[in-house]
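Now for the letters of each chain:
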Amino acid sequence: MADKVSPGPISCDSCADNREAVCIHTKKIYDSCKDKDCIEDLRFYPTVAGQEILNRALSVKGGKAELLYVYINVEPVVFNRGFFTVDMRYFYRVTLNAYCSCPRPVEVEGLCVFDKRAILFGSEGNAKIFSSKVRADGLDRQMLERSNMPVAVVEAVDPIVLDAKLVECCDQRCCDCDLCEIPACVSQCFGCELTMGDDCRRAFVTLGQFSIVRLERDSQLLIPVLDYCLPEKECTGGASEDPCELFSNIAFPVNEFFPPNTIEMPGDYEGTKHYCGCGR
């Protein structure tokens, strides 16, 4: 059985440099998952001005989408110790291209909401955490007690608009839910008030979403350290550089002068995003 390493110098015959084991406090990732969601027929909540355009539109096509905010809630799984449910609500600002009588499309802006759940392992910890860290704009007092619950982190890119369609509303309500409560930070991203459009024409959007979800918990870890990290690169300003020198570093655009005989379909995220019109 290997000897336990303690903080301090590490003796290693095969090491060229002297190493040191230090104890750091950081967030350890206990579990994570990645997803490639195809979110079909999301209800599109347009602005008031956008709803008037949709009522006159003949058709709609996908435009672009921006992920504005993700609300995250973590709760323990009662029947499975150490596991937690991560409930996420994605808020998107979607811009569709509406085609009316003229051939030029009109942009319609609105909101889409997507709910998602994941179950991840976050271990256990019942310690109560206190800290003397203070707030710069508050009273000079230590932080209040908080529990040692794992922290959920969601990493996501802007989605790809895969499809969009118009649906005529009947006298009966459609089988989709009403607009939920919108956080202030999300509602401020739109120029005017959003509408439900219950008695009018509705739009539905299909989005492609890439995301990574992980559970983190405060931990003390013992890691090897070679030395302090001192930057080697000098700080330079871009405004003082010679523009001709910058231009000389750009490769000659051969494909612009000699078009290829065939065009390959994009296979990566950036290529697909621009192919679908999201990068326009």
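Residues numbered from 1 in each chain as written. Predicted model: local features only at pLDDT ≥ 70, side-chain atom pairs only at ≥ 80, totals over all residues. Heavy atoms only, no water.

J.: Explain the overall build of the chain residue by residue, including any values.
T.: In terms of regular secondary structure, the chain is built from five helices and 10 strands. Put simply, the chain has 280 residues, and 29% of those count as buried. Put simply, of all contacts in the chain between residues at least 6 apart along the chain, 80% involve residues at least 24 apart. Here the chain has roughly 20000 Å² of accessible surface; of this, 53% comes from carbon and sulfur atoms. (Helix = DSSP H or I, 4+ residues; strand = E, 2+ residues; numbered from the N terminus. Buried < 20%, exposed > 50% of the residue type's maximum accessible area, 1.4 Å probe, protein only. Contact = heavy atoms within 4.5 Å. Areas by Shrake-Rupley, 256 points an atom, 1.4 Å probe, with all protein chains shown as cover.)

J.: Please provide a residue-by-residue account of the pairing of strand β4 (residues 83-99), values included.
T.: With respect to burial, β4 is a largely interior element, 12 of its 17 residues being buried. In the sheet, strand β3 (residues 59-76) pairs with β4 via 15 bridges, with the strands oriented antiparallel. Paired with S59 across the bridge in β4 is Y99. Where β4 meets strand β5 (residues 106-121), 16 bridges bridge the pair, whose relative direction is antiparallel. Bridge pairing links F83 to F121 in β5. Hairpin connection from β4 to β5: six residues lie between these consecutive antiparallel strands. (Pairing = 2+ DSSP bridges.)

J.: Report on helix α1 (residues 48-56), specifying residues and quantitative values.
T.: For α1, the full list of buried residues reads G50, Q51, I53 and L54. Burial along α1 is one-sided: seen end-on, the buried residues are contained in an arc of 160°. (Arc of directions from axis to C-beta.)

J.: Go over the environment of L222, please, and point to the residues and values.
T.: By the element assignment, L222 lies in strand β10 (residues 202-225). Residue classification places L222 among the partly exposed residues on the basis of a relative accessible area of 37%. Along the backbone, L222 and V22 are 200 residues apart, and their C-alpha atoms lie at a distance of 5.6 Å.

J.: With reference to specific residues and values, describe the pattern of salt bridges.
T.: Summed over all chains, the structure comprises 11 salt bridges. In this structure, D37 and K116 form a salt bridge, with 3.0 Å as the shortest nitrogen-oxygen distance. Residue D37 is found in strand β2 (residues 19-46), and its partner K116 is found in strand β5; the two are separated by 79 residues along the sequence. For D37, a relative accessible area of 17% puts it in the buried group. Linking D41 and K165 is a salt bridge whose minimum nitrogen-to-oxygen distance equals 3.4 Å. One end of the pair, D41, is in strand β2; the other, K165, is in strand β9 (residues 160-167), with 124 residues separating them in the sequence. On the basis of relative accessible area, D41 is assigned to the partly exposed category, the value being 41%. By relative accessible area, which is 37% here, K165 ends up partly exposed. (Salt bridge = Lys/Arg side-chain N within 4 Å of Asp/Glu carboxyl O.)

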